Amino acid sequence: MRGETWGMERDPQKQPVLSERKLEILTLLAQGLRDRDIAHHLILSESTVKFHLNNVMAKLKARTRDQAIHQATIDDWIE
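Residues numbered from 1 in each chain as written. Predicted model: local features only at pLDDT ≥ 70, side-chain atom pairs only at ≥ 80, totals over all residues. Heavy atoms only, no water.

S.K.: Any chance you could explain the packing of helix H1 (residues 20–30) against helix H4 (residues 65–74) here in plain terms?
M.R.: Axis angle and axis distance: for two packed helices, these are the angle between their axes and the distance between the axes, and together they describe the pair. At a minimum axis separation of 10 Å, H1 and H4 run at an interaxial angle of 110°. The orientation of H1 with respect to H4, classified from their angle, is roughly perpendicular. In this structure, H1 uses Leu26, Leu29 and Ala30 to contact H4, whose residues at the interface are Arg65, Ala68, Ile69 and Ala72. Class assignment of the residues belonging to the contact of H1 with H4 gives a composition of six nonpolar, no polar and one charged. (Axes fitted to C-alpha atoms, helices over the stretch in contact; angles between N-to-C directions. Helix = DSSP H or I, 4+ residues; strand = E, 2+ residues; numbered from the N terminus. Parallel < 35°, antiparallel > 145°, perpendicular 65-115°, else oblique. Contact = heavy atoms within 4.5 Å. Nonpolar A, V, L, I, M, F, W, Y, C, P; charged D, E, K, R; others polar.)

S.K.: In this structure, what is going on with H4? I would like to understand it.
M.R.: Each α-helix winds once per 3.6 residues, and so residues spaced three or four apart point in a common direction. For H4, the full list of buried residues reads Gln67, Ala68, Ile69, Gln71 and Ala72. Buried positions along H4 lie against H1 and helix H3 (46–59). The first or second residue beyond H4 is aspartate 76, which carries a positive phi of 60°. (Buried < 20%, exposed > 50% of the residue type's maximum accessible area, 1.4 Å probe, protein only.)

S.K.: Even after reading the chapter, I still don't get H1, so can you show me in this structure?
M.R.: For H1, the set of buried residues is Lys22, Leu23, Ile25, Leu26, Leu28 and Leu29. Residues of H1 that are buried sit in contact with helix H2 (35–42), H3 and H4. Downstream of H1 by one or two residues, glycine 32 has phi in the positive range, about 100°.

Listed below in structure tokens is the structure:
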């Protein structure tokens, strides 16, 4: 929150490259839920949640979950 962008800038033309399920999981992660809680909330296995989050990070070219949340937030995919 020191004004650093992590090399990520908002692109208003960019459309979400994530499925609705991946955005749902990322939104719950941004709300502070743990993998186990997300899995319970969505009636999934914890390994499925981790699988989706790893795919999200790969698609967004994020090294961390925080970077993925940051990118999705600045692109207005999640609030």
